[in-house]
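Structure at a glance
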Amino acid sequence: MRPEPFGALLYHFGTRRLSFLKNQRVLAVVRSLADHPSARAACAAAGVPDAELPVYARALAVLADSHMISERTVA
Amino acid sequence: MTLTPDMARVAGSRPAASTAPGKLTDLFQLGLDAPICLTWELTYACNLSCVHCLSSSGRRDPRELSTAECMAVIDTLERMQVFYVNIGGGEPTVRPDFWELVDYATAHHVGVKFSTNGVKLGPAAAARLAGSDYVDVQISLDGATASVNDAVRGPGSHATALRAMENLASAGFRGFKLSVVMTRQNIPQLDAFKAIADRFGAQLRLTRLRPSGRGADVWHSLHPLAEQQRVLYDWLVAHGEQVLTGDSFFHLSAYGSALPGLNLCGAGRVVCLIDPVGDVYACPFAIHPEFLAGNVRDAGGFAAVWKTSDLFASLRAPDTGGACRSCGFYDSCRGGCMAAKFFTGLPLDGPDPECVQGHGESALAAVSGVAPKPWLDHSHRTAPARTAVPVTIGRRRPPTHDCDESPLAGFTALPAADARHAAPPASPPHRALAPPWHQRLRRRNGRHHDHERKASYTQTFLS
C-alpha cells in the first residue's frame, strides 16, 4: 500500500493487480481493519456516517474480491 | 466529501456506469509522487533486428549502467515504493548479470515483468521463473504464423518464441504473457494469437505499434488501416479483461465505450523510461532529447529526476486539449499518444495520427517539413549502409590537420587517373567500369554487390 495525496495505491504481487483508494477516509478504514472486530466497527472508528455504510461495504467487497484484503485467520 | 461507489477501484476493471468517468484520470493527470511502474531497458544489445524496434536496438552501448549502478537504481525504486518494473531492451536476458538483477529487485520488493524474445529461456530458466511469485514474463511474438512474424522480427524468431513458451508451460508457469504489437499484417490473426496463448496457459497482451526508433521507418506500411482499427476495437471490447493492452489503445476509446484500463497518457505522470545508459525519458516510446528528463547518474539519482525535472512538471500541468478540445470525443481519447504524434510530425496538442474520428489523416496530410528523427541508433551494422560513406582502400593521404576528417581535405582536383570513376551515382553502368581495386574488393568480400556499388562512388573522393 502506497499513500498518495488522493488516498492510496494498492498493488498485489500475486494477482499483479493495482487498486486505488480514492479518499483518505477509505484509506483509514482499510488501514485499521485489523485493529477492529468487524468492518463495520472500522468504519465507525473512521467516522463513516451510517448513511454511507453501503458505499463503503461495496468498496471493501471489491478489495476482498481482488484479494487485496482477506478474512483474518484465527491464530 | 464526494463519494463515488468505486472508491476502491481495481485497475483494468471496467468503470461502473454510475461512476463519475475520468475522476481518477484527473488525479493521475497531475502526476504521482512516484511512478506506479516504469519501463527499464537494461541493454541496447539484442540478438534480433526487428524492423519496428522502438529503441533501435542491436549493439550494446559501452556506457551501459554497471551491475552496481543498476542495484542502486533498484534501491531507489524500493524507497519510492515503485511497485514493479517492466524490464526490456534490447534483449535484457543477454546481459550477463540479468538474473542477478532480477533476484536483487524482487528481494527488494520491486516486482519484475520482463520482455524477451525467448532466446535464453531454456528449460532451466523456465523452471526458475515458474518458482517465483514476483517475476512475470512477456514473450514477444508479432505474427501467429512464422511468415508474418519473421518478416518483422527476423528469421527463426517465431520458432524461438514458441520454444520458450513451450518451456514455460512445461515448467508449470501459468499466466505468463504473450505480447503482440498489432500491425496491418497480423490483425487478421487475433483469434490465432488467442489460441496460441490458450494453448500455453498464457495471457494475451496486445499493444500498439508506435513510429518510434526503427518503427519510424516502417510505421506507414505497418500501422493498422482505419477499418482494421475498428476490428481491433470490437475484438478488444468482446474479450474485455481476458486480454491485456498495457493501456496502449486508449485512442480507440473514441469509438464508444472506454476499454479496460486507465485510458490516459501516463508519460511522466505515472510511468517513464530508464534507458540502458541511465537516461530518463517521459515514456518508452519517446527516446528523443525533447522527452529527456535527466539521468540516474545525476546528483539525486532517479528520485530527483522524477520529482524535480522541468519536463515532467510541464507534462503534469493541466493540458488544454489544443485542437482536440472542441471534439466531442476528447474526454475519451485525450488526444491520443504523444509519441505517435511527435514522430509523425504532428503537433502534440492536436489529434493522434490514428485518430478514429479521422482527424489524424487530414492532420498528417497537412504536416509540413520532416518529422523529428529518432536520435539514437544502436542497430546492428550488418545491413549495407544506406548512404554513401567514405571508405579507406588503397592510397590514403594523411589529413591536412589532425582533426580534419573531411574526405575532400586538401584536394584541389581529382587525379586524372581516377576521374572516370567520378561519374554521378545515377550514371550506369558502374560495374562495367569497375577498376581493378573494385574487382579485388569483390573477390575479398564475395557478397553485397549493392554495397560495392555505393563504395565505388564514394571511393572516388579518396583515391
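The structure displayed is predicted, hence computed values, not measured ones.

A few words on the overall build of chain B. Scanning chain B for helices and strands turns up 16 helices and 10 strands. Across the 463 residues of chain B, 43% fall into the buried class. Here the analysis covers contacts within chain B between residues at least 6 apart in sequence; of these, 68% occur between residues at least 24 apart.

Helices and strands together make up the secondary structure of chain A, namely 3 helices and 3 strands. Starting at the N terminus and walking to the C terminus, you meet the elements of chain A as β-β-β-α-α-α. Taking 75 residues into account, the globule formula puts the C-alpha radius of gyration at 11 Å, and chain A, at 12 Å, falls close to it. Dimensions along the principal axes, computed over C-alpha positions, put chain A at roughly 35 × 35 × 20 Å. Per-residue burial for chain A yields a buried fraction of 32% across its 75 residues. Restricting to contacts in chain A with at least 6 residues of sequence separation, those with at least 24 account for 28%.

Once that is clear, we can look at the sheet that holds strand E8 (residues 273-274) of chain B. Residue and element names in this part refer to chain B. Across the sheet, 9 strands lie side by side as E7-E6-E5-E4-E3-E2-E8-E9-E10; this open sheet has mixed pairing. Two strands lie at the open edges of the sheet, namely strand E7 (203-208) and strand E10 (292-295), each paired on one side alone. Inspection of the sheet shows E8 paired to strand E9 (residues 279-281) by 2 bridges, in the antiparallel sense. Counterpart to Ile274 in the pairing with E9 is Val280.

Now for the nonpolar core. Among the nonpolar cores identified, the biggest contains 127 residues, and Val85(B), Leu168(B), Leu178(B), Tyr281(B), Ala282(B), Cys283(B) and Ala286(B) are the most heavily contacted of them. At 5 residues, helix H3 (residues 53-65) of chain A tops the list of elements feeding residues into this core. The residues contacting Leu178(B), other than those within four sequence positions of it, are Ile139(B), Leu141(B), Met165(B), Phe193(B), Ile196(B), Ala197(B), Ala202(B), Leu204(B) and Arg205(B).

Our next topic: helix H4 (residues 123-130) of chain B. Residues and elements named next belong to chain B. Among the residues making up H4, those that are buried are Ala125, Ala126 and Leu129. Down the axis, H4 shows its buried residues gathered within 100 degrees of arc, on one side only. Of the surrounding secondary structure, the elements contacted by the buried residues of H4 are strand E5 (135-140) and helix H6 (157-170).

Before going further, it helps to examine the packing of helix H5 (residues 146-153) of chain B against H6(B). The packing of two helices is summarised by the inter-axis angle and the distance between the axes. Residue and element names in this part refer to chain B. In the contact formed by H5 and H6, the axes pass within 8 Å of each other and the chain directions differ by 110 degrees. Looking at the two axes, H5 sits roughly perpendicular to H6. Within the contact between the two elements, H5 uses Ala146, Asn149, Asp150 and Arg153 and H6 uses Ser157, His158 and Ala159.

The next thing to look at is the environment of Thr43(B). Residue and element names in this part refer to chain B. Here Thr43 shows up in the loop between strand E2 (37-41) and helix H2 (67-79). Overall, Thr43 belongs to the buried group, with 26 C-beta atoms counted inside 10 Å. As a C-alpha pair, Thr43 and Thr93 span 50 residues in sequence and 9.0 Å in three-dimensional space. Those residues within four positions of Thr43 in sequence are excluded, and the remaining contacts are Arg60, Glu64, Gly89, Gly90, Pro92, Val94, Arg95 and Pro276.

With that settled, consider the packing of H2(B) against helix H3 (residues 98-107) of chain B. Residues and elements named next belong to chain B. Two elements in contact, H2 and H3, have axes separated by 10 Å at closest approach and are oriented at 20 degrees. By the criterion of interaxial angle, the relationship of H2 to H3 is roughly parallel. As H2 packs across H3, the resulting crossing turns out to be right-handed. Residues Thr67, Cys70, Met71 and Ile74 of H2 pack against Glu100, Leu101, Tyr104 and Ala105 of H3. Its residues assigned to classes, the contact of H2 with H3 shows 6 nonpolar, 1 polar and 1 charged.

Attention now moves to unusual backbone geometry. Residues and elements named next belong to chain B. Each neighbour pair has its own omega, and for Gly89 with Gly90 the value is 15 degrees, a cis peptide bond. The residue Gly90 is located in the loop between strand E3 (84-88) and H3 in this model. A positive phi angle is found at His109, which is not glycine, with a value near 65 degrees. Given 15 C-beta atoms within a 10 Å radius, His109 is considered partly exposed. For Arg334, which is not a glycine, the phi torsion comes out positive at approximately 55 degrees.

Relative to the helices and strands, Phe249(B) resides in the loop between helix H9 (226-239) and E8. Setting aside residues up to four positions removed in sequence, Phe249(B) forms contacts with Arg208(B), Leu236(B) and Leu259(B).

The rules behind these values
Residues numbered from 1 in each chain as written. Chains lettered and ligands numbered in written order. Predicted model: local features only at pLDDT ≥ 70, side-chain atom pairs only at ≥ 80, totals over all residues. Helix = DSSP H or I, 4+ residues; strand = E, 2+ residues; numbered from the N terminus. Buried ≥ 20, exposed ≤ 12 C-beta atoms within 10 Å, placed from the backbone. Contact = placed C-beta atoms within 7 Å. Rg over C-alpha atoms; globule rule 2.2 N^0.38 Å. Pairing = 2+ DSSP bridges. Core = buried A, V, L, I, M, F, W, Y, C linked by C-beta atoms within 7 Å. Arc of directions from axis to C-beta. Axes fitted to C-alpha atoms, helices over the stretch in contact; angles between N-to-C directions. Parallel < 35°, antiparallel > 145°, perpendicular 65-115°, else oblique. Left-handed = near helix turned anticlockwise from the far one by under 90°. Nonpolar A, V, L, I, M, F, W, Y, C, P; charged D, E, K, R; others polar.

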